[in-house]
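Okay, here's what each chain looks like letter by letter:
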Amino acid sequence: MADRRTLNVVILGVGFLFIFTAFTTCGNIEQTVVKSLENDTFTGSGYHSLGIIYGVFSFANLLAPTVVAVIGPKMTMFLSGLLYSGYIAVFIIPLTWSFYLTSVLTGIGAATLWTAQGQFLVENSEASTINRNTGIFWALLQCSMLFGNVYIYFDWNGRTEIPDSSRRNIFLSLVVISILGTLSFLVLRKSHQEEDMLSEEEGQSLLSTHMTHRTSGAIEDAKSEFSLELSFYSGVYGTCIGATAQFGAAAKGLIGISGIVVGIGEIVGGGLFGLLCKNNRFRRTSVVLLGMVVHFVAFYLIFLNIPDDAPVVFKTTTQKNAYLTPSVSVALLCSFLLGLGDSCFNTQLYSILGCIYAEQSTPAFAIFKFIQSVLAAVAFFYSGYLLLMWQLLLMVILGFTGALCFFMVERMQNISVDLQEY
């Protein structure tokens, strides 16, 4: 039975790998694609589309647990995957109305997909395997940053504009990949060994339930601060690199390389902090502290290396100069640090949620994603208007606050466990 549950986690990760190979590549390049469209009637914005997705995502999370409870996590993930595929398909023949309509539908699909994923992962884990399973899933998921971006690099390298034929070929391929990932969810099998599930092994006394209510607010605060950084590396930073005039004809191809390097950072972090770390609270706190420091170093280097107007230019490249001469090596180092820091946060957030909310995994992961998506939506909407230095400063302040909130959660959980043992 344990083997079946491990296989379920692997299949789950592979399904997300395929879907997010398509969707993450799409998100990484869509603002650049929109700027290059040979279509005067299309008035959409990639930033606004991603903002709509995350905004709808946040409110759809209120209903996502009900959907998962009614039709089950397996079918929920399958139907949600179809919505993701529809969004990607819009870029084959882009129309403004369909672009924004599918953004709304994808926001709904994202809420149900991630809520179902959280429940399914907890159902197939024990207290002793939650960190390992989180690491397996996270490492497979972050491989999605690699494959699509490899294609982008080879197809776009040396281009200053993206022709319609190239756009159509890219997005046709991405749609096929997304559909394959969606179909893989149909292979998942239900785990029947309820007595070994995490929720039973951990147990919940009245005291620990009381402490859970107290920690919930701190968890939400922690996740809300980290969400701005998700928006930055997944949709903004690649656009900044592609808009940097000093990178010349290589700039567009560097968007793909940056996405690959972010993915490598995510995979390294998922392996080190998910698969290799034992399930103890000291290490969770240490990993989050490391993630904060790594991101702060990345933000400082980006501040020095990328022109301040990179996120806000539309039809042109950057007009301002960076504090240092922009370096490709430094830009890609920052990509790696962004991915590594993000994996530090996410592996530990999934781990602590799986432990504290073992018996309430569906609503817990829905709240988790609600907070994330609200802040991500806000970040995508201001990304096209706020200069780079102000975006970086905001992430530094809120990233520090988020780390402090995580430490509060760990402390409260320590008190709960100690009193329960007493």
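Residues numbered from 1 in each chain as written. Predicted model: local features only at pLDDT ≥ 70, side-chain atom pairs only at ≥ 80, totals over all residues. Heavy atoms only, no water.

In the nomenclature of an unreviewed UniProt entry, the protein corresponds to UNC93-like protein MFSD11 from the organism Mastacembelus armatus. For the protein, the Sequence similarities (unreviewed entry) comment in UniProt is given as "Belongs to the unc-93 family." (UniProt positions renumbered as here; feature names shortened; annotations may be inferred.)

**So, the nonpolar core**
Formed by 100 residues in total, the largest nonpolar core has its most connected members in F16, W114 and F171. Each of two domains, domain 1 (1-187) and domain 2 (225-421), supplies a minimum of three residues to this core. The residues touching F171, leaving out its near neighbours within four places in the chain, are C26, I29, V33, I88, F91 and I92. Counting residues in hydrophobic clusters, the runner-up holds 5 residues, among them L146, I257, I260 and L332. (Core = buried A, V, L, I, M, F, W, Y, C linked by side-chain atoms within 4.5 Å. Buried < 20%, exposed > 50% of the residue type's maximum accessible area, 1.4 Å probe, protein only. Domains from an automatic or database assignment. Contact = heavy atoms within 4.5 Å.)

**Considering the environment of L101**
Among the secondary structure elements, L101 is positioned in helix α4 (residues 96-123). Note on L101: relative accessible area 44%, which makes it partly exposed. Each C-alpha atom, one on L101 and one on I52, is 9.6 Å from the other, the two residues being 49 residues apart in sequence. (Helix = DSSP H or I, 4+ residues; strand = E, 2+ residues; numbered from the N terminus.)

**Section: α4**
Because each turn of an α-helix spans 3.6 residues, side chains separated by three or four positions in sequence point in the same direction. Here α4 spans 40 Å end to end across 28 residues, near enough to the 40 Å set by a 1.5 Å rise per residue. Across the 28 residues that make up α4, a large majority, 20, are buried. (Expected span 1.5 Å × (residues − 1).)

**A short note on empty space enclosed by the protein**
Tallied over the entire structure, the rule returns 4 cavities of 30 Å³ or more. Reported here for the largest cavity is a volume of approximately 440 Å³. Taken together, 28 residues make up the lining of the largest cavity; nearest its centre are F20, Y54, W114, L230 and Y233. Of all the secondary structure elements, the ones that give two or more residues to the lining of the largest cavity are α1 (2-36), α2 (46-60), α4, α5 (130-142), α6 (144-156), α9 (206-243), α12 (328-356) and α13 (361-383). For the lining of the largest cavity, the per-class residue count stands at 17 nonpolar, 8 polar and 3 charged. Both domains that meet at the lining of the largest cavity, namely domain 1 (1-187) and domain 2 (225-421), each give it at least three residues. Volume-wise, the second largest cavity comes out at about 50 Å³. Looking at the second largest cavity, the residues that line it are F303, I306, P307, D308, N321, A322, Y323, L388 and M389. (1 Å grid on protein atoms, 1.4 Å probe; cavity = no way out; pocket = protein on both sides within 12 Å on 5 of 7 lines; lining within 4 Å. Points joined across faces, edges and corners; volume = space filled by probe spheres on them. Nonpolar A, V, L, I, M, F, W, Y, C, P; charged D, E, K, R; others polar.)

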